[in-house]
Amino acid sequence: MSTKAPEDAYTAEPFVPDRGGLPALRRAAADCRGCPLHRDATQTVFGQGTADARVMLVGEQPGDQEDRQGKPFVGPAGRLLDRALEEAGIDPSEAYVTNAVKHFKFTQAEPRKRRIHKAPSLREMTACGPWLAAELAVVEPELIVILGATAGKALLGSSFRVGEVRGALLEREIHGRQEKLVATVHPSSVLRAQDDKDRKAAYEGLVSDLKVAARALS
């Protein structure tokens, strides 16, 4: 019998239930130990939305606010995303939002200092993949919107580059299903823009990409 901790295996597969829909997935994900990220995070941040959502938005990982509140896209990037979705003609309340990685990965200089987001590794993304596959199987969205490079790599492989395909309607096989996808930047990248002019241009680019998604849904 193996004495290895489950996180050493780097897969969420043993934690994913076979049935029960989104409520069962959410309950099970709360106890996921599929990779070491669960040790430092406050809690699992699972996807939010209904099983009949037409569009699924996939981001990178929870941020500081999401980790504390246990919900995806509730921080500044989430508020910006909601505004961009509405401007593009997609009702945020009718979308299913989730992340490729369900635990917050961060660095912290010392306790009580600000927690700085750190990008998840390919190994961590792969470990979390069974959750995303399970969400896709339950929701069966008409369209997936990829928000940023990490989400794209998690769904389409390590060679994915946002800049090469953003704003185009793609068709790819993901976890055994033909999916329609639109890729764009992560909303946090808009917030990181150097000045107001760059931020405005980045935001308009995000809205433009989301309008492609809106047209694909109409």
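Please read these numbers as outputs of a predicted model, since none were measured by experiment. Throughout this description, residue numbers start from 1 for each chain and increase along the sequence as written. Totals for whole chains, interfaces and linings use all residues, but because this is a predicted model, local features are given only for residues with pLDDT of at least 70 and pairs of side-chain atoms are given and counted only at 80 or more. Processing note: side-chain calculations cover all non-hydrogen atoms of the structure and skip hydrogens and water entirely.

**Description of the UniProt feature "domain: Uracil-DNA glycosylase-like" (unreviewed entry) in the chain**
We count it as follows: UniProt positions are given in the numbering used here, feature names are shortened, and annotations may be inferred rather than shown by experiment. Labels follow the DSSP assignment, with helices taken as runs of H or I lasting at least four residues and strands as runs of E lasting at least two, numbered in each case from the N terminus.
When the UniProt feature table is mapped onto this chain numbering, "domain: Uracil-DNA glycosylase-like" (unreviewed entry) sits at residues 46-211. Along residues 46-211 the backbone is 42% helical and 20% strand, and the end-to-end C-alpha distance reaches 26 Å.

**A look at the packing of helix α3 (residues 76-88) against helix α8 (residues 196-217)**
Basically, it comes down to this: Each axis is a line fitted through C-alpha atoms, and for a helix only the stretch in contact is used; angles between axes span 0 to 180 degrees, taken between their N-to-C directions. Note on terminology: angles under 35 degrees are roughly parallel, angles over 145 are roughly antiparallel, angles of 65 to 115 are roughly perpendicular, and the others are oblique. By convention, the crossing between two helices is left-handed when the near helix turns anticlockwise from the far helix through less than a right angle, and right-handed when the turn is clockwise. Here, two residues are considered to be in contact whenever any of their heavy atoms come within 4.5 Å of each other. When residues are grouped by polarity, Ala, Val, Leu, Ile, Met, Phe, Trp, Tyr, Cys and Pro land in nonpolar, Asp, Glu, Lys and Arg in charged, and all others, Gly among them, in polar.
Between α3 and α8, the shortest axis-to-axis distance is 8 Å and the interhelical angle comes to 55 degrees. Considering the angle they form, α3 stands oblique to α8. Remark: the crossing between α3 and α8 carries right-handed chirality. Mapping the contact onto sequence places L80, L81, R83, A84, L85, E87 and A88 in α3 and Y203, L206, V207, L210, K211 and A214 in α8. In terms of residue class, the contact of α3 with α8 is built from ten nonpolar, no polar and three charged.

**Thoughts on the packing of aromatic side chains**
To describe a pair of aromatic rings, one takes the distance between the centres and the angle between the planes. Heads up, the condition is: In this analysis, rings of Phe, Tyr and Trp, with Trp reduced to its six-membered ring, are considered paired at centre separations within 6.5 Å, and the interplanar angle assigns stacked below 30 degrees, edge-to-face beyond 60, and tilted for intermediate values. Lysine NZ or arginine CZ positioned within 6 Å of the ring centre and within 35 degrees of the ring normal marks a charge as sitting over the ring.
According to the stated counting rule, one finds two aromatic pairs in the structure shown. Judged by centre distance (5.8 Å) and plane angle (85 degrees), the rings of F46 and W131 are edge-to-face. Here F46, found in the loop between α1 (21-29) and β1 (55-59), pairs with W131, found in helix α4 (residues 122-139); they are 85 residues apart in sequence, far enough to count as distant. The aromatic ring of Y203 is capped on one face by R83, whose charged end is 4.5 Å from the ring centroid. Over the face of the ring belonging to Y10 we find R123, whose NZ or CZ atom lies 3.7 Å from the ring centre.

**Some words on a negative patch on the surface**
Stated formally: Surface patches are defined over residues having more than 30% relative accessible area and no salt bridge, joining like charges when they lie within 9 Å and nonpolar side chains (Val, Leu, Ile, Met, Phe, Trp, Tyr) when within 5 Å. Only the protein chains shown count as cover for residues, and the accessible areas themselves come from Shrake-Rupley with a 1.4 Å probe. By convention in these notes, a salt bridge is any Lys or Arg side-chain nitrogen within 4 Å of a carboxyl oxygen on Asp or Glu. The charge count includes Lys and Arg as positive and Asp and Glu as negative, but it does not include His or the ends of the chains. Charge placement uses NZ in Lys and CZ in Arg. For Asp and Glu, CG and CD serve respectively. Throughout this description, buried means an accessible area under 20% of the type-specific maximum (1.4 Å probe, protein chains only), exposed means over 50%, and partly exposed covers the range between.
On the surface, D82, E86, D91 and E94 cluster together to form a negatively charged patch. Inspection of the secondary structure assignment puts E86 in helix α3. A relative accessible area of 57% means that E86 is categorised as exposed.

**Here we look at the pairing of β1**
Operational definition: For two strands to count as paired, DSSP must find a minimum of two bridges between them.
Most of β1 sits out of view: five of its five residues are buried. Neither face of β1 is exposed, since V55, L57 and G59 on one face and M56 and V58 on the opposite face are all buried. Relative to strand β2 (residues 95-99), β1 runs parallel, the two being bridged by five bridges. From the neighbouring strand, V58 faces β2, where its bridge partner is T98. Of the pairings in the sheet, the one linking β1 to strand β5 (residues 143-147) comprises four bridges and is parallel in character. By the bridge assignment for β5, V58 is matched with I146.

**With respect to the pattern of salt bridges**
The final tally for this structure, using the stated rule, is twelve salt bridges. The residue D64 makes a salt bridge to R115 at a minimum N-O spacing of 2.8 Å. Here R115 lies in the loop between β3 (106-107) and β4 (116-117) and D64 lies in helix α2 (residues 64-69), a separation of 51 residues in the sequence. The buried category is assigned to R115, whose relative accessible area is 11%. Put simply, E204 and K200 hold a salt bridge, and the shortest N to O gap is 2.7 Å.

**Overview of the side chain of Q61**
Just so we agree on the cut-off: Here a polar contact is recorded for every N or O atom pair within 3.5 Å, except that within protein the pair must consist of a potential hydrogen donor and a potential acceptor, and residues adjacent in sequence are included only if both atoms are side-chain atoms.
Tracing the chain through its elements places Q61 in the loop between β1 and α2. At 2.9 Å, the side chain of Q61 and the backbone nitrogen of K105 are in polar contact. In this structure, Q61 is in contact with N99, V101, H103, F104, K105, H117, K118 and P120, ignoring residues within four places of it in sequence.

**Digging into the environment of A30**
For A30, the position within the fold is in the loop between α1 and β1. Take A30: its relative accessible area is 45%, and that puts it in the partly exposed class. In this structure the C-alpha to C-alpha distance between A30 and G70, which are 40 residues apart in sequence, comes to 9.8 Å.

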